[in-house]
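A structural walkthrough
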Amino acid sequence: MALIMIVEDEPLINKLIAKNLTLVGHECVSVYDGHDAEAQLRQRVPDLMILDVMLPGLSGFELIRQAGEVPVIFVTAKVGLEDRLKGLALGAEDYIVKPFEMQELLARVNVVLRRFRRGTERLTVDGVAMDFGRRVVTKDGERVELTSKEFSLLEALVQNRNLALSRDKLLDLVWGYDYAGDTRTVDVHVQQLRKKLGFKERINTVYKVGYRFDL
Amino acid sequence: MKMKFFERTYLLMLVLFLLFLNGSIFSLVLYTRHNALEAAEQICLSEQYTVRQAFERDYSAGKFGSDRLLQMTYGVFYQEKEILLSFVDGEGNTYSTVPEGLDHPAEGKMISRMLDGVRYILITERICDGAFLMTYAKDVSYLDRDFNRLTVYFVGASFVASALLATLMYLALRRLYAPLDRLRTVTQSISGGNLNARADESGDDEFSGLAKDFNRMTDRVIAQMEELRATARQKQRMLDDLAHEMRTPLTGIHGYAEYICNANVSEGERIEAAQYIMQESMRLKHVSEILLDEAFIREKTVAVSAVDAGALLEEVRRRHAITAAARGVVLVCKTERVTLSADADLLSVLLSNLVENAVKACHNGGHVEMTAYYENGRAVLAVTDDGIGMAADELAHVTEPFYRVDRSRARREGGTGLGLALCATIATAHGAKLSFSSAPGEGTRVFLHF
């Protein structure tokens, strides 16, 4: 859905981020040092940059100045408040400290992409057209009425497609942290989505984890 | 409130000085008075003698006819000269110009008496072969007046001198104590955090000596503090590095586990992810082992014994021969007969690390050579390779924990960045010095000087 440049000198981490982002439908460019990143930026402007601070060649703090309009999320092992403030002062959209959970990174990527209206927010699967910008879903050309929670649940599942989300995570994402309800609420809403959209094969139950939208 | 040392010294000195001064003045006054009285008595004695001589002469000559007339004549005559006389004959008849109420001294005595605020000196003597008892009396009030004047003068002088003394002594003591106060200001400044403050060392007395000692002490304390701070900083950096080192594998392990758990991917991808997890956990294990080793060596007392360098190098060569061969690297030993006093096990660890690094630095067809020889009578072990070499700025950091010349390559090959740090620790434990010489493209030589 969006073109994301990953600048991280640890191949292990770089690959991990790329794998996850690709899985949920983004296109990734992996870059391993500062100067390469600078060159890549000139060739093809990404929708978002995920940037390590300590890089060979050019540091992340230097590289962000070259980024121009491209939103940046710092991913770094530096935990100091000073570094965090510096990163944000330089215009980074977010700052994630290692070790982090991949779902957290994905969530922040989604937030930033939405804020900047980067990437497409439309997707059609099995004749079901989903427009997350306008919050409209049609099946075979006919509009499907979804409740607000059902729509948010669908959005969460699709944005993290191919990745399983736990019921608790879904509660957090859709109902918010304060929601005191049961995780069975999630099950009920998932059943509704499967029925209304014919997604029985798409929204799968993952044993001991939760639900996953497979594509 | 407790008095300051200065105040105590000052008061003690002042009291002693004032006691001494006023004591001296007081005794001087007494002495002067005593002398004045004695002088007056001498005058009185000679006057009395003169009067007696004259009276006895006139008495023998029978002048004036009657004794009474003679007495009256003398009495009146001498009264004008402020000398008072009294005569008593054998029958108790008395003629006297001496005021009534004054005690008369015993025969042949001289006394001094007060009457109505007037001091008299009285001398009584039997004269004219015992015919009369003559008492001579003289007003010596001037003695008391002089004495009072003198006392007033001395008390005044004492006050002035005391005040002057107190002031001068205060100033002098202040001046003497000034270096102590200055030193105190400096110590307060230092204890207040200004470590650059130093005492004034000018002069050549006990205070300047103290100032010098104090400055030396401060320098030493500050130097030690700096040393401790540097050690603490080094430890902190090591910890920071360690935290950073662990964060990357941990992120990877967690991330790939999450991936296996959640992602809708093929079996092949899952296996790949699992392999990453294993690789990274092995790295963490390796790091922890080396850290433990290093801590162990740091605490350990080196078990020194005579070690034959040739045998040691040969053993290390054998151990690495296969891995070296696999990379197409030739590994050889060239040794003189060198005997070291060292801990063979630790030295073997050190050499293994060096050889491992050397082999990794070589391209296919490279050479690694281990040598042992004597230089200026001291044993030297060296590991030389003809591999990729290092630049000077890289050399400076190689023994720092977690430093890697080529991070991504080192990680690929399972390097922790701790090997040479461990080597340096072992070398230090042996009192030996580890040194490097290298240039990019020209290979690296590592020396261990005992």
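Above this note sits the structure.
To keep things clear, this report deals only with the structure shown in the data block. (Residues numbered from 1 in each chain as written. Chains lettered and ligands numbered in written order. Predicted model: local features only at pLDDT ≥ 70, side-chain atom pairs only at ≥ 80, totals over all residues. Heavy atoms only, no water.)

Regarding the overall build of chain A
The following threshold applies: Each helix corresponds to a stretch of at least 4 residues labelled H or I by DSSP, and each strand to a stretch of at least 2 residues labelled E; elements are numbered beginning at the N terminus. Contacts are assigned to residue pairs that have any heavy atoms within 4.5 Å of one another. Accessible areas in this description were obtained via Shrake-Rupley with a 1.4 Å probe; residue shielding takes into account the shown protein chains only.
Within chain A, the secondary structure is distributed over eight helices and 12 strands. At a minimum sequence separation of 6, the contacts of chain A that also span at least 24 residues come to 52%. Here chain A displays about 10000 Å² of accessible surface, and carbon together with sulfur accounts for 47% of that area.

Points about the overall build of chain B
Quick note on the threshold: Accessibility here uses a 1.4 Å probe with only protein chains present; expressed as a share of the type maximum, an area under 20% marks a residue as buried, one over 50% as exposed, and anything in between as partly exposed.
A count of helices and strands for chain B gives 10 helices and 12 strands. The buried share among the 450 residues of chain B stands at 38%. Counting contacts in chain B only where the partners sit at least 6 residues apart, residues at least 24 apart contribute 61% of the total. Of the roughly 26000 Å² of accessible surface on chain B, 58% is carried by carbon and sulfur atoms.

Observations regarding the sheet that holds strand S3 (residues 109-115) of chain B
Strands pair in a sheet through their backbones, by hydrogen bonds, and they do so in one of two ways: parallel or antiparallel. Residue and element names in this part refer to chain B. Keep this limit in mind: When DSSP finds two or more bridges between a pair of strands, those strands are recorded as paired. Orientation is described by lines fitted to C-alpha atoms, with helices fitted over the stretch in contact, and by angles between N-to-C directions that extend from 0 to 180 degrees.
The five strands lie next to each other as S2-S1-S5-S4-S3, forming an open sheet whose pairing is antiparallel. The sheet is open, and its two edges are formed by strand S2 (94-96) and S3, each paired on a single side. Across the sheet, the mean angle from the axis of one strand to that of its neighbour is 15°, orientation sign disregarded. For strand S4 (residues 118-127) and strand S5 (residues 132-139), the ladder comprises eight bridges, and the chain directions are antiparallel. Within the sheet, the bridge partner assigned to Arg 126 lies in S5 and is Leu 133. Lying on the sheet, helix H3 (residues 141-191) is in contact with S3, S4 and S5; it crosses S4 at an angle near 145°.

Re the side chain of Lys 138 of chain B
Residue and element names in this part refer to chain B. Threshold: Under this definition, polar contacts are N or O atom pairs within 3.5 Å; protein pairs additionally need one hydrogen-donor-capable and one acceptor-capable atom, and for neighbouring residues in sequence, both atoms have to be side-chain atoms.
Within the element layout of this structure, Lys 138 appears in strand S5. Residue class for Lys 138 comes out buried when judged on its relative accessible area of 15%. A distance of 2.9 Å separates a polar atom in the side chain of Lys 138 from a polar atom in the side chain of Glu 47. With residues near it in sequence (within four places) discarded, Lys 138 still touches Cys 44, Glu 47, Glu 82, Ile 83, Arg 119, Tyr 120 and Ile 121.

Regarding the packing of helix H1 (residues 11-23) of chain A against helix H5 (residues 102-115) of chain A
All names here are of chain A. Worth spelling out the cut-off: For classification purposes, an angle smaller than 35 degrees is called roughly parallel, one larger than 145 roughly antiparallel, one from 65 to 115 roughly perpendicular, and anything else oblique. Take the far helix as your reference; a near helix turned counterclockwise from it by less than a right angle gives a left-handed crossing, and one turned clockwise gives a right-handed crossing.
Here H1 crosses H5 at 60°, and the two axes come no closer than 11 Å. With respect to H5, the element H1 is oriented oblique. Once H1 is placed against H5, the crossing between them reads as right-handed. Across the interface between the two elements, Leu 16, Ile 17, Asn 20 and Leu 21 from H1 touch Met 102, Leu 105, Leu 106 and Val 109 from H5.

Here we look at the sheet that holds strand S2 (residues 27-31) of chain A
All names here are of chain A. Spatial ordering of the open sheet is given by S2-S1-S3-S4-S5, a layout of five strands whose pairing is parallel. The sheet terminates laterally at S2 and strand S5 (94-97), the two strands that pair on one side only. Mean inter-strand twist for the sheet, computed between neighbouring axes without regard to direction, equals 20°. Looking at chain direction, strand S3 (residues 48-52) and strand S4 (residues 72-76) are connected through four bridges and run parallel. Bridge pairing in S4 links Ile 50 to Ile 73. H1 contacts strand S1 (3-7), S2 and S3 of the sheet and is inclined by roughly 170° relative to S2.

Here we look at the side chain of Arg 247 of chain B
Within the secondary structure, Arg 247 of chain B sits in helix H4 (residues 206-262). Separated by 3.0 Å, the side chain of Arg 247 of chain B and the backbone oxygen of Lys 98 of chain A make a polar contact.

Describing the nonpolar core
The line we're drawing: Only buried residues count toward a nonpolar core, which is a set of Ala, Val, Leu, Ile, Met, Phe, Trp, Tyr and Cys residues joined through side-chain atoms within 4.5 Å.
Core analysis: the largest hydrophobic core is formed by 43 residues, its most contacted members being Leu 340, Leu 347, Leu 381, Leu 448 and Phe 450 of chain B. Within the residue set of this core, elements represented by two or more residues are helix H6 (309-326), strand S8 (339-342), helix H7 (344-361), strand S9 (367-375), strand S10 (378-385), helix H10 (419-429), strand S11 (433-438) and strand S12 (444-449) of chain B. Considering every element that reaches this core, the biggest residue donor is H7 of chain B, with eight residues. In this view, Phe 450 of chain B contacts Leu 340, Ala 342, Leu 347, Arg 378, Ala 379, Leu 381, His 430 and Ala 432 of chain B; residues no more than four positions away in its chain are not counted. Counting 33 residues, the second-largest nonpolar core is a separate cluster that includes Ala 2, Ile 73, Val 109 and Leu 113 of chain A.

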